[in-house]
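A structural walkthrough
For reference, the chains in residue letters:
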Amino acid sequence: MNERHGEQSKLSGMKSNLRKPSGSFLLRRTSICLAISFSLSGISVIAEDTAEASKKIDQLLAADWQRDGKTPDPAIDDERFVRRLYLDAIGRIPTAAEMRAFLADESPSRRNDLIDTLLDSAGYANHMFTFMADLLRIDESQPGGKFSTPAYAAYVLEALRANQPYDEFVRELIVSEGGAFGNPATGYYYRDRGMPLDHMANTVRVFLGTRVECAQCHNHPFDVWTQLDFYQMAAFSHDMTARLERRSGPFQELQRAINSEAELDSLARRERQTALVEIRRRATTNAMIERNSDLVLTLPHDYSYDDAKPKDEVTPLPLFGDMPEPGNPDDRLQHYAEWLTAPENPRFAKVIANRMWKEVMGAGLVEPLDDFTESTRASHPLLLDFLEEQMKRLKFDLKAFQRMLFNTELYQRQAHGEEVADGAKFTFTGPLMRRMSAEQIWDSLVVLINPQPEQANWRRLAENFIRYDWAEMISETVRLKSQTELRQDVEKIADIQRDHRKEIDTLREAEKQAARAGKREDASALKEQVAETRSDLPHKIHREVFAPALRKAGLDQLAPPLPHSVGSWSEMADPLLFDYSDSYYRGVALRILTEMELQFYQDEMNQAGLEDPSLRSQYTGYRKTNVATYVRAAHLPSPAPPGHFLRQLGQSDRKVIENAETGANIPQTLSLLNGPVFDQVIHPCSVLSLGLRPFDATEDRIETIYLSLLGRSPSEVEQEIVLEQQKARPDRFEEDLIFALLNSREFSLIQ
Amino acid sequence: MSSINDPMKSFLHRSDEITRRHFANRLAANLLGVGLLPDLSKSLAAAEGTGPAAAQPHAKRVIYLYMTGGMSHIDTLDVKPGTENQGTTKAIRAQGADFQLSSDLSGLAKHGKNLCLLRSISSKAGAHEQGDYLMHTSYEPRGTIRHAAMGAWLVHHRGRENLSLPANVVIGGGNRHPGAGFLDRNLAPVTIGDPTKGLQHVTSAVPPGDFSARLDLTKRLEAEFLNQHPRTDLRSAAGLYDEAVQLMSSADLAAFDLSQEPAEVREAYGEDHFGQGCLLARRLIEKDVRFVEVALTGWDTHIDNFARVAELSTILDRGMSQLLSDLEQRGLLDDTLVVLASEFGRTPIINRNNGRDHYPKAFSCAFAGGGIVGGRTFGKTDATGENVIEDEVTPADVNATIAYALGVPWDEEIMTPEGRPIKPANGGVPIRQLFG
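Figured I'd write up the structure that's included with this text. Each chain has its residues counted from 1, running along the sequence as written. The lettering of chains begins at A and the numbering of ligands begins at 1, in the order of writing. Only residues with pLDDT of at least 70 are given local features in this predicted model, and only at 80 or more are side-chain atom pairs given and counted; all residues enter the totals for whole chains, interfaces and linings. Hydrogens and water are ignored here; the side-chain numbers use all heavy atoms of the structure.

Structural notes on the packing of helix α4 (residues 78-90) of chain A against helix α5 (residues 96-104) of chain A
Residues and elements named next belong to chain A. Relative to each other, α4 and α5 sit at 130°, their axes nearing to 10 Å. Viewed along their axes, α4 and α5 adopt a mutual orientation that is oblique. Crossing of α4 against α5: the hand is right-handed. Of the residues in α5, those in contact with Asp78, Glu79, Phe81, Val82 and Tyr86 of α4 are Glu98, Met99, Phe102 and Leu103. Just so you know the grouping, Ala, Val, Leu, Ile, Met, Phe, Trp, Tyr, Cys and Pro go in nonpolar, Asp, Glu, Lys and Arg go in charged, and all remaining residues, Gly too, go in polar. When the residues that make up the contact of α4 with α5 are grouped by side-chain class, the tally is six nonpolar, no polar and three charged. Axis angles are defined between N-to-C directions and span 0 to 180 degrees, where every axis is a line fitted to C-alpha atoms and, for a helix, only to the segment in contact. In this description a helix means any DSSP run of H or I spanning at least four residues, a strand means any run of E spanning at least two, and both kinds are numbered starting from the N terminus. Our angle categories are set so that under 35 degrees counts as roughly parallel, over 145 as roughly antiparallel, 65 to 115 as roughly perpendicular, and the remainder as oblique. Whether a crossing is left-handed or right-handed is set by the direction in which the near helix is turned from the far one by less than a right angle, anticlockwise for left-handed and clockwise for right-handed. Note on definitions: a residue-residue contact is assigned when non-hydrogen atoms from the two residues lie within 4.5 Å.

Side note on the layout of surface pockets
Its volume calculated, the second largest pocket comes out at about 1400 Å³. Put plainly, a pocket is an open set of points on a 1 Å grid over the protein atoms alone with protein on both sides within 12 Å along at least five of seven lines, a cavity is a set where a 1.4 Å probe fits but cannot get out, and a lining residue has an atom within 4 Å of a point. Taken together, 46 residues form the lining of the second largest pocket, with Cys217 of chain A together with Tyr139, Glu140, Arg142 and Asn426 of chain B sitting closest to its centre. At the level of elements, α11 (196-208) and α12 (227-234) of chain A together with α4 (128-137), α11 (395-406) and β16 (421-422) of chain B are the ones that each hand at least two residues to the lining of the second largest pocket. With three residues, α11 of chain A is the largest single contributor of residues to the lining of the second largest pocket. Here the lining of the second largest pocket is composed, by residue class, of 22 nonpolar, 14 polar and ten charged. Grid points are joined across faces, edges and corners, and a volume is the space filled by probe spheres set on the points.

What to know about unusual backbone geometry
Cis geometry is adopted by the peptide bond preceding Pro368 of chain A, which originates at Glu367 of chain A and carries an omega value of -10°. Structurally, Pro368 of chain A can be placed in the loop between α16 (348-361) and α17 (381-393). Cis geometry is found at the peptide bond from Ser638 of chain A to Pro639 of chain A, where omega equals -10°. Tracing the backbone through its elements, the reader meets Pro639 of chain A in the loop between α25 (613-626) and α26 (645-648). Unusually for a residue other than glycine, Asp391 of chain B sits at a positive phi of about 55°. Topologically, Asp391 of chain B is positioned in the loop between β14 (388-390) and α11. Residue exposure (1.4 Å probe, protein chains only): buried if accessible area is under 20% of the type maximum, exposed if over 50%, otherwise partly exposed. Residue classification places Asp391 of chain B among the partly exposed positions, given a relative accessible area of 40%.

Here you go:
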């Protein structure tokens, strides 16, 4: 008999969430990480209407140049195009092999083809994640963030990978309710928990490019927004509240039942209580977002305008335009989301079109990107109108929009390297030259080190899977049991524990006797057996109680495939193994994962045809050290911890919107000069070094180093300088060259 | 060599600054009828206008000791001996002062004459993140802006004294530190995780000959590129390499190296990170670094308050009292302001876990040096330690006081890039009574 109502529907809800592509968090992440190689969609011809749109952009600019008396910058060669496109489309530099492959391609459509290939590759989402994480301030270090943010980050990454239409993505964020497990989009509200007014100011700023935060406290001094406008807008979502839920409810009832059962003697009661702990510790914490309809938004006590009185109740009203009156108050979020993302909304499409233009071309047509006012005038109004139109025509498909921009002549012109004065109009005779983002620099270094740059660190992935999704599944299965079933489980666990104790006692007794009899070998064998038996206890409980429950619920089918099968998740993975407070379990789990990992490197070496025994012996160590460290920024915590190289390079701390920097500073410079990255780059097993192995001639090696780091061949002057260096330092000149190029300004520029 | 060993140099430093400012001010006053530092003088005049003339602020540097987690005021700086709320904490009299301290702060008790206790801070920020942020910036955290901590304000307004070392340093701080906020990123503190390891990556991994050969190659190879791209950002990035290399060879770099201290000195500060952090702070201050924050974590004593506070107090006491002794002995206490602060106090009523919970309604901090008159207290809580009954102040007032001591114009507005007006102490008012 099921004593808790309504739980069944929760499960079916959860299951469907887990199954659909936008569902559970690590399932999606896995599909990302396993998609290592570029999906080869064949030679695709750019869609005709997109090709026309690209041309139209060039025409609009040409008209503008003519009027301003400007001439366009010259077109770039293939070398420059490849490096720029890799950086702008997938956020990292190409390897020397990737460069050479492109340069050997003689097809007239090779540039189009590369655009398609890169946009369809795994690197695309890894790159776009920076853009979204900066906008949405995805911050794992926020209090309670570990319960919601990893799931939220994975959700965003997956939305980018699947190229979910931007308007749909935004609507999902806005209407999200429930727990972070099951509906990770709730991370959007969780990010501003306890700050509903700031939350609305952020929402309006990010999606409508409009600054209303001043109006939080007073009528906007330079714009049309009043304090009342702001409050009315904030009333749409002010009642979205966050709390952490430790899901232990049913167990308290069980505890009471055990305590009050008359026929149990004190030993049996103690045993059952101990057994219950095993069940209760599987209850996970979930970050919940719920609407609290009791919360009424009122104006501040010191409200000082005539249009309303202090402490007046506020009813929702959109900042501008119309919105149908929701018949049912529960539809309020839906209406608000639709209003926000509607094609008719005068800011929504325009703002994202302008943002994406800047991502690709280096400067916005309206700057700043998020301070649109009634009097805002774009530097190229017709162009911005056209881009907005295209954004709508493409149905907010950001990838298609980027494809259109990459295919313009403008994008394929020389970058504009001169400074543009503040407030001066940028004429877009070429894209604007700029320093790479922190993530682009880091990811470009990763490419020189890690042969699987687009892959997530799978060890972290497996750990996360076990700690979050798997634990969540077990938590859910346990929760769905009736009290009767749970009591049966308690008894079963109590039996297992009792038998286990007996077995240990017997073994120990035997060990003692062996020791007394002087049978040292027997004694030590028995001692080992004791240890083994002891370590098997959690597995035994898992096998006999939880694994069957998971199978019964059908949830174990949802686990991602293991990279190298050592059995199934339900057999090996007790989520408690990753309880960091328990170093013993963690040790066991890490051992299992390490075995899998070593196999993985063996395969990697075999695939790469690496035969040299001394390199093979170093390879595993090198990869093991780096696999968790030199992975793309999208697969590190968001943001990277303070002091991390990414942060020194200016990665946003994700405390405020778009807080990234591209300036230079001392710690960053010191890290490049003396930090650990350089040694990893020149290690004999690095991608760079392995890429140099086929080449013997000095000139070829120099060229490979230039291609690897700067994506071009050396000039004659440079070649001469390097050869001089070779004369002076024949054994070290290659390292010197790598050092010099890594530390050059050119390395970190998108030209 | 330190300025102690080179008194002439240090004197020249100081007199040079005084003369320059004096001269410029007088010149400006003569020509224009105004001071060259109008906002500062306005602030000072305003402060002086409402009370007895305060001495000119003259602190140049700050050591900010931050007790992360919420230091129990009633068990440290605001003891209530003989009351039920006091629990097992004992009080002792401070020397040369009219106040008592926890007996676990016996070293600080000996510095009674240097210490001024502020016992009447009150705020509404009862969560760590909010409290932390408020204490550091004087503002409530907002999702739309990041405010700056005092170290950044100090360097922003008064510049660097030592041009080869970073001016703003945080030792052992958590990742919530607001840093430079919206101010120039170059003002952000350089963070040192482990004080015994010092500044990272400041020495070359390769022999000097190799290093200079590589640098030389770097310059030769990119000379042409820089000529073709005459941009200030590229030039300044290239310039930073020179600065970094200069820092690598700076004679003052040794300030970051604690192994240069005698073993007995290191021991006297305590072997823990906080003690070593205090020692590092002293070494940096000796080299005219402007602002050093040292954090001691673990004060969130919801459970088992008394044992844990005693333990933490011992660590705090050893590091801070040794720091004060060293500063005093070196003649640095006069122009170095030492602040002991925390995000909030803890409930005077003991909870059922023998612990204390968050309590922003009444809490304390301590000042020493930098022109502060020691041996006294300011503000008062009632007999239970629960309510401020005299001279209530806010975290913003604490920051205004620090700013005032340093000659930072605490009420001067600066516009953020978004056009929002922000003040170093968010309208807080300096507690001038703390000064001579």
